[in-house]
Amino acid sequence: MASNPAFDEGLAAPRHVAIIMDGNGRWAKKRRLPRAMGHKRGVEATRQIVRAAGDLGLEAMSLYAFSSENWKRPEDEVSDLMGLLRGYIRSDLDEFVEKGVKLKILGNYKAFAPDIVDLLEDALEKTAGGNGPTLAVALNYGAQAELAQAAAAAAAKGPVTQEAIEAELYSAGLPPLDLIIRTSGEHRLSNFMLWQAAYAELWFTDTLWPDFTPEEFTAALEEFAGRERRFGGR
Ligand code: IPE
Ligand code: IPE
Ligand code: MG
């Protein structure tokens, strides 16, 4: 895996970064374009950041693409987002396979249209053997539901310990979450990876998601590397 020269001086490179990709709508509004255009440009930004994550040597990246609360949006916007999801998987799956990117899905994706479920399952199968970074995409994801389900699944098997819950989360098997990035100037988690966020560093930028570049992503990772993490110790 490629390594990032920014981390050569013994700085701690993050292993797992999560991104709340927010601001597509405001990006479009600013330009008097339809919201769909913002989402379309958002996919382009996602593509570039996914490539950068591989180049920077991350072990895992989790992307918040569609929350369980995003169903509240107008039907035509949800349908635009579904169309873009189809398009992204179709156009980039070969590249994932070629680069050894392992796809993982966080969330109840089975609630999506049957053709999307098939597309996602095909992508999971084709990338399962990859030896590169994991790309975890949060689709119809909500952390509170994830935790309730994980606790119930753990209880069905035995004592409800922290480890037992962790093993039932969608993120089971991923490295600990080091850093959460949120674009668009909002300072909240919006029901994203609440358990995993326990000791993650937080990094916020006013940049709207379609304008987020690999350069800014690299800058966030470098800033992270200079932070002191204490995990409650001293
Ligand atoms: C993020 O952009 C994409 C999704 C939530 C699916 P938004 O659509 O939330 O953009 P804003 O927040 O309205 O600008
Ligand atoms: C969070 O963004 C969800 C995704 C980025 C997919 P939202 O735009 O849905 O979050 P809120 O409503 O501003 O909290
Ligand atoms: Mg938003």
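Heads up: the structure comes first, above all this text.
As a convention, each chain's residues are numbered from 1 in the sequence order in which they are written. Each chain takes a letter, starting from A, and each ligand takes a number, starting from 1, following the order in which they are written. Under the rules for a predicted model, residues below a pLDDT of 70 receive no local features and side-chain atom pairs below 80 are neither given nor counted, while totals for whole chains, interfaces and linings still include all residues. Heavy atoms throughout the structure, all of them, feed into the side-chain values; hydrogens and water do not.

## Notes on the pairing of strand S4 (residues 134-141)
At step 1: In terms of burial, S4 is a largely internal element, 8 of the 8 residues being buried.
At step 2: Bridge analysis of strand S2 (residues 60-67) against S4 gives 7 bridges, and the strand direction is parallel. Note on S4: the bridge partner recorded for Ala60 is Thr134.
At step 3: DSSP-based pairing: two strands are paired if at least 2 bridges between them are found. Helix numbers and strand numbers start at the N terminus; a helix is a DSSP run of H or I with at least 4 residues, a strand a run of E with at least 2. Bridging between strand S3 (residues 102-106) and S4 involves 5 bridges; their strand directions are parallel. In the strand pairing of S4, Leu106 is matched with Ala138.
At step 4: By the criterion used throughout, a crossover qualifies as right-handed when its path from the first strand across the helix to the second strand runs clockwise, the strands pointing away from the viewer. The parallel pair S3 and S4 is bridged by helix H4 (residues 114-127), and the resulting crossover is left-handed. Relative accessibility under 20% of the residue-type maximum defines a buried residue, over 50% an exposed one, and the middle range a partly exposed one, all with a 1.4 Å probe and only protein chains included.

## Topic: unusual backbone geometry
At step 1: Even without a glycine there, the phi angle at Arg32 is positive, about 50°.
At step 2: Structurally, Arg32 is set in the loop between helix H1 (24-30) and helix H2 (35-55).
At step 3: Of note in the backbone geometry, Asn140 takes a positive phi value of approximately 50° without being a glycine.
At step 4: Here Asn140 is to be found in strand S4.
At step 5: Taking the relative accessible area as the measure of exposure, Asn140 reaches 10% and is therefore buried.

## Some thoughts on H2
At step 1: Expected span of a helix: the number of residues minus one, times 1.5 Å. Given a rise of 1.5 Å per residue, 21 residues ought to cover 30 Å, and the 30 Å separating the end C-alpha atoms of H2 matches this to within 8%.
At step 2: All of the buried residues in H2 are Gly38, His39, Gly42, Val43, Ala45, Thr46, Arg47, Ile49, Val50, Ala52 and Ala53.
At step 3: Next to the buried residues of H2 lie strand S1 (16-20), H1, S2, helix H3 (75-99), S4 and helix H7 (214-225).
At step 4: Following H2 by one or two positions, Gly57 adopts a phi angle in the positive range, close to 80°. In this description, contact between two residues means that some pair of their heavy atoms is separated by no more than 4.5 Å.

## Some thoughts on the pattern of salt bridges
At step 1: When a carboxyl oxygen of Asp or Glu is within 4 Å of a side-chain nitrogen of Lys or Arg, the pair counts as a salt bridge. Applying the stated criterion across every chain yields a total of 21 salt bridges.
At step 2: The partner of Glu77 in a salt bridge is Arg35, with the nearest N and O atoms 3.1 Å apart. Taken together, the residues span a long stretch of sequence, with Glu77 in helix H3 and Arg35 in helix H2 at a distance of 42 residues.
At step 3: In this structure, the salt-bridge partner of Glu168 is Lys157, at a minimum N-O distance of 2.6 Å. Of the two residues, Glu168 sits in helix H6 (residues 162-168) while Lys157 sits in helix H5 (residues 143-157), which places them 11 residues apart along the sequence.
At step 4: Residue Glu168 is classed as partly exposed on the basis of its relative accessible area of 26%.
At step 5: Judged by relative accessible area, which is 66%, Lys157 ranks as exposed.
At step 6: Among the charged side chains, a network of salt bridges with common partners joins Asp22, Arg26, Arg182, Glu186 and Arg188.

## Considerations on the nonpolar core
At step 1: Residues Ile19, Met61, Phe112, Leu135, Ile181 and Phe217 are the most contacted members of the largest nonpolar core, which totals 44 residues.
At step 2: Residue contributions to this core peak at 8 residues, all from H3.
At step 3: The residues contacting Phe217, other than those within four sequence positions of it, are Val17, Ile19, Ile49, Ala52, Ala53, Leu56, Leu58, Met61, Ile181 and Phe212. The nonpolar core is taken to be a set of buried Ala, Val, Leu, Ile, Met, Phe, Trp, Tyr and Cys residues, with the residues joined through side-chain atoms within 4.5 Å.

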